[in-house]
Every structure is written in structure tokens, then in C-alpha cells.
Amino acid sequence: MMTIWADFEDGVQIVRGTLRRELRSYTTNQRRLIGLLVTIVFYLFTLSISIPATYTIGQGVTGLDSIPYFGVLWTLFPPGMVGMMALLSADRIATIEASDLVLMIVHPRGALLGLLGTECIHLLLWFGLPAGLVGGSFMLGANVPSALLVGGTLVLVVLCWAAVWGYALGIGTLRVLRRVPRFQRLLKILWAVVIVAVLFASQFIGRQIVSGLGGRPFHSLAAILNAGPFASFGALTFVGTPVGGSASLDGLAILAVLVLTIPVGLGVSTHQARSFWFRDRAPPKQHSDRQKPTEFEPPWPLDRSRAGHVAWGLLLRAKRTPQKLAHLQQQGILLIMAGPLVFEAGLSGGLLAALSCIAATQVAGAAFCANPLGDDRPLGTLLFLTDVTPRALARGRMLAGLVLTVPVAVIGSLLTIAIGTPPLAAISVAFVGAVLCLPATGLALGLGSLYPIFEEREVFGTEAISPSFGVLYVYEMIVLGGTVIGLWVCWVLATGTASLSLGLGIGLVVYGLFTTVIPYAGYRYAVGRLRSLTIE
């Protein structure tokens, strides 16, 4: 009979082994080590700005009412952590590696403690440590260093409580979806709609708060949250200090409830995990005899070359498993955040045409070209047996991106003629947007070959190899700047706002050189890297 102490020791061993393996994977992999160092530099740069700022703010604190949004943050912190842990449970820690072996020698409660402990340590390292440094500078500025220890203890209590109950919520949701698989696609669609709505609305809300518009509803909501029970719980941070004073009964009661419900949440999570791992079984998939194999014959003009066949294969694969394009959500966030700018500037035809071209250039390279080496790795053994050259593989990826995005740039620009865009300007913007999709694919090939990703991870239920976040970010910024410059020059010349002068001509020559030389170099580099992996 395993005791909870033995399960706790097993959980500690799982956490220790997982962290050691992750640390070893970073120290032995040069690409991961470089990415980690870049992340650390980014954190240090951010902390070098935020720590002095929070120290200065802390010097002006005289009481809890003078701390900006103190009650609001503490009111939103516990439910936000529960939601985050539920998402992490459903996406990352729903299962364990080598589950057949681990669950034979470890009680499910021990395995659950190992999963939750590892994820909590991840959160503390990535977010807790920077937040602790910023909070510590604030406490030192307010001359209440003891509040750092008390506040850290309260945060750990909330984290443990959110971990067990968030895991129970996440696994419970997965159990429901496993029993009713038809709701999975509906839930994914609803989730995407919610994310789009939140991102879109956040831009309006933020601008209204900064500009002072709609301030009364916001301050009313802040007053309600500031008076919530968790605000009294957060006020325990400054108990016994000149800032806070004495403890309130509401805060102590919430602290007691959180501590007492942690074991209950652990029991509920263990029951949910045990049922999810052992008892529940997904219903068998219905195989229809009426399904016909999809013909692989590419249409004209893709059937004229090897690159066309490669492009058609990539497009078919994207159609069958669209989850493999889940990394395009990064480009989607950029376009969603640009939505308020369009509405504030007015729904002009020129702006909508430019937005369609920006969307096309963003997706052109990110869809199939941002990880050419890693994306082909599952099919590497088959590629070695074919006569497809590295040049055909690279051009096929570029062609697939162009087939997917050039119609968006052209049709989206031409449709704006119906809302008042001058025909010459719409045609010019469509042409420039379609042309800029080509260098975007070459740039993505070069960046993706420079920093390939070979590891698979589960993306919306499908094992996929997604491009590096850093590669997508660099590509996104470069292409965005280049597209905006090209479209602006095209617009001012097509509408007669400016005439072609010597300075503008020199600028266009320099812009053209950068737009052609760098993507072509990226294309050549990608071909060279593919040649090193392919037997011609």
C-alpha cells in the first residue's frame, strides 16, 4: 500500500529526472543553447528597465490604495492561474512518457505530482523568477523587504492550488471530448473565435484606456475587482508593515480555504488522471468504404515540373492535416492586432488592399518555407530514394506558398475597386503584393535552413514539426517592413501623390537590391543545406 509520502518521493524523482534531461538537452544542443542565451539576454534587457522603474514606484507608496491595480491583479491572479494550468494540462501534461512502464511502478498520484511539479518549476523559472526580481525591487523601494517573503509564500499557495484544480479541469475536459469526439472540432473553432475576439477587443480596450475614452466603465470594473475577496487575501502580503497594517478576516479565511482544498484538488486530479489513463477508451473511428483515395496528379501548370509536384504534395498535405499549419497563428495575431488600426483609419480601399497584400506576404514564406530541413525529416528516408533534386524541393516549397497567397494579394486588392479605390492604384498594389510574395518565400527558406527544428510536438492533436518561434518572428518583422515600404511607394506613385525623383529612384534601387539579393542568398543557402541531406 503506497503512502502519500512515498508518492511524493516518486514525484520528486520524476521532477529531478525530467529537469536533468531537459538541462542536458540544452547543454548538448548548440541550437537550443543559442536560443536559451538569446532568451536570457532578452529577459536581462527587460529587467534592466523594469527593476529601476518599479523601485521608483515603490518609493512613492504610502498604503495599499497607492499601489496601482493591486487588488485587481490579486483578484485576477488565482482564476487566471487555474485557466493556464487547465490549458497546459490539456495540451502538454495530459500524458506521460513511457506511461506503460512508469504506471507499473509508480502510483498515479506520484506520476501526477511529478507532472505538476515539473510544470510548476517551469513556470517559476520562466515567469516567477523575473516577477520576483521586479517585486523585490518594488518592496525595497517601499522599504518593506519582509513583504517579499510573505508575498512569495502566498504566490506558492495559489500556484499549488491552481495546479491541482487546473489539472482536474483540463483532464475533465479531455475526458468529455474523448467521449463525445464530435465536439472536438466545434470546440477548436469556438476556441479560435474566442482568441480572435479577445485579441481584437484588447486593442480597442487598451487604446480607450490610454486615450481616456470609456474610462468610467473601466474604472467601475476596476473598483469591483479591487473590492473582491482575493484583494483582501493579497493584502496579507503587507501585514505588519507600515503599508498594510493588520490582517483581515476575509484574507485569512481565503488563505485557509486555499490550503485546505489543495489535498481535495489533488484527490480529484488523481481520480481524473486515473480514469483518463486506464478506464476511458476513445470510441473506434468509423471507416467508410465509400472513401476514395485522393488523386495525386497535380493540375496544370503544376504538372510541368518536379517542383510543381512537390508543391502539389505540400498543398494536399496541408488540406488533409491543416493542424500542421498551426504555427501560422503567429501571423494571424499580427493581422488581428492590425484590425483596430484599419477601423480607426477608416475602411478605405487602399488600406484594405494593403492589408490583403501584407497577409499574403506574411503567409507566403511562413506556411511551407520556414522549416524546410525539419519539415522533410519524417520523409527523409523516402526522399533519399527519389530523383527529386534539392533545387526542386526548395522551389516546390516556394511554389506552394505562392499558390496559396498570390490569389489573396491579387483578388483582395482588386476587390477594393468596388469601394472606391482607383483602378490603376488597385492593379499596381495587387502586382506589387504578388511580386513581393516571391522574395518572402526565399527569405523564409534561408532563415528556416539557418535554424531548423527537427523535434516533433503535438499541435492540436497532430504530431507536427513546427518552425522556430525566433525564425518566424524575424521573418515577420523583415517582411512586414519590406512590404509596407514597397506598397507605400507603389501607392504614392500610382495615385500621383509624389513624382519619381532622383532620391526616390536611388531609394528604389537600394530597396530592389535588398529585396532580391537577400532572398536569393537565402534560397541558395537552403538548396545547399538540402543537398547535404539528399543523395542526388
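Numbers given to residues run from 1 along each chain, matching the order in which its sequence is written. Restriction of local features to residues with pLDDT of at least 70 applies here, the model being predicted, together with a cutoff of 80 or more for giving and counting side-chain atom pairs; totals for whole chains, interfaces and linings are based on all residues. Working from all heavy atoms in the structure, the side-chain values ignore hydrogens and water.

## Looking at the overall build of the protein chain
Then, number 1: Counting secondary structure elements, the protein chain contains 20 helices and two strands.
Then, number 2: By definition, residues are in contact when any of their heavy atoms lie within 4.5 Å. For the protein chain, the proportion of contacts with a sequence separation of at least 24, taken over those separated by at least 6, is 82%.
Then, number 3: Methods summary: accessible areas were calculated by the Shrake-Rupley approach with a probe of 1.4 Å, and residue burial reflects only the protein chains presented. Put simply, the protein chain shows about 30100 Å² of open surface, and 71% of that area lies on carbon and sulfur atoms. Secondary structure follows DSSP: runs of H or I at least 4 residues long count as helices, runs of E at least 2 residues long count as strands, and numbering of each begins at the N terminus.

## Side note on the packing of helix α11 (residues 306-320) against helix α17 (residues 390-415)
Then, number 1: Only the contacting stretch of a helix is used when fitting its axis, a line to C-alpha atoms as for every element, and angles between N-to-C directions run 0 to 180 degrees. Following both chains from N to C, one finds α11 and α17 inclined at 55°, their axes separated by 7 Å at the closest point. When the axes of α11 and α17 are compared, the pair comes out oblique. Between α11 and α17 the crossing geometry is right-handed. Residues R306, A307, G308, V310, A311, L314, L315 and R317 of α11 form the contact with α17, whose participating residues are A392, L393, R395, G396, R397, L399, A400 and V403. Angle categories: roughly parallel below 35 degrees, roughly antiparallel above 145, roughly perpendicular from 65 to 115, and oblique for all the rest. Should the near helix be turned anticlockwise from the far one by less than a right angle, the crossing is termed left-handed; should it be turned clockwise, right-handed.

## What about the nonpolar core?
Then, number 1: In this structure, I67, V144, Y167, F233, F238, L258 and W277 are the most contacted members of the largest nonpolar core, which totals 42 residues.
Then, number 2: Secondary structure elements with two or more residues in this core: α3 (70-91), α5 (108-141), α6 (146-179), α9 (229-234) and α10 (249-279).
Then, number 3: For this core, the element with the highest residue contribution is α6, accounting for 12 residues. Residue types Ala, Val, Leu, Ile, Met, Phe, Trp, Tyr and Cys, when buried and joined through side-chain atoms within 4.5 Å, form a set referred to as a nonpolar core. The classification of residues rests on relative accessible area computed with a 1.4 Å probe and restricted to protein chains. Under 20% of the type maximum is buried, over 50% is exposed, and intermediate values are partly exposed.

## Some thoughts on the side chain of T421
Then, number 1: Assignment of secondary structure puts T421 in the loop between α17 and α18 (423-450).
Then, number 2: A residue is classified by how much of its surface remains accessible, and T421, at 5% relative accessible area, is buried.
Then, number 3: In protein, a polar contact requires one atom able to donate a hydrogen and another able to accept it; more generally it is a pair of N or O atoms within 3.5 Å, and residues adjacent in sequence count only if both atoms are side-chain atoms. A polar contact of 3.0 Å, which involves the side chain of T421, links it to the backbone oxygen of T416.
Then, number 4: T421 has contacts with G349, G350, T416, A426 and W491, leaving out every residue within four places of it along the chain.

## Points about the state of the cysteines
Then, number 1: The criterion for a disulfide is a pair of cysteine sulfur atoms lying within 2.5 Å. For the structure shown, the criterion picks out zero disulfides.
Then, number 2: Here C437 is not cross-linked by a disulfide; its sulfur's nearest cysteine counterpart is in C357, at 7.6 Å.
Then, number 3: Since its relative accessible area comes to 0%, C437 is described here as buried.

## So, the environment of L493
Then, number 1: When you line up the elements, L493 lands in helix α19 (residues 469-494).
Then, number 2: Classification of L493 as partly exposed rests on a relative accessible area of 34%.
Then, number 3: A C-alpha to C-alpha distance of 8.6 Å links L493 and A425, two positions 68 residues apart in sequence.

## Points about unusual backbone geometry
Then, number 1: Phi angles above zero are rare outside glycine, and N143 is one such case at about 65°.
Then, number 2: Inspection of the secondary structure puts N143 in the loop between α5 and α6.
Then, number 3: By relative accessible area, N143 is classed as exposed at 63%.

These values are about where atoms sit, not about what they do.
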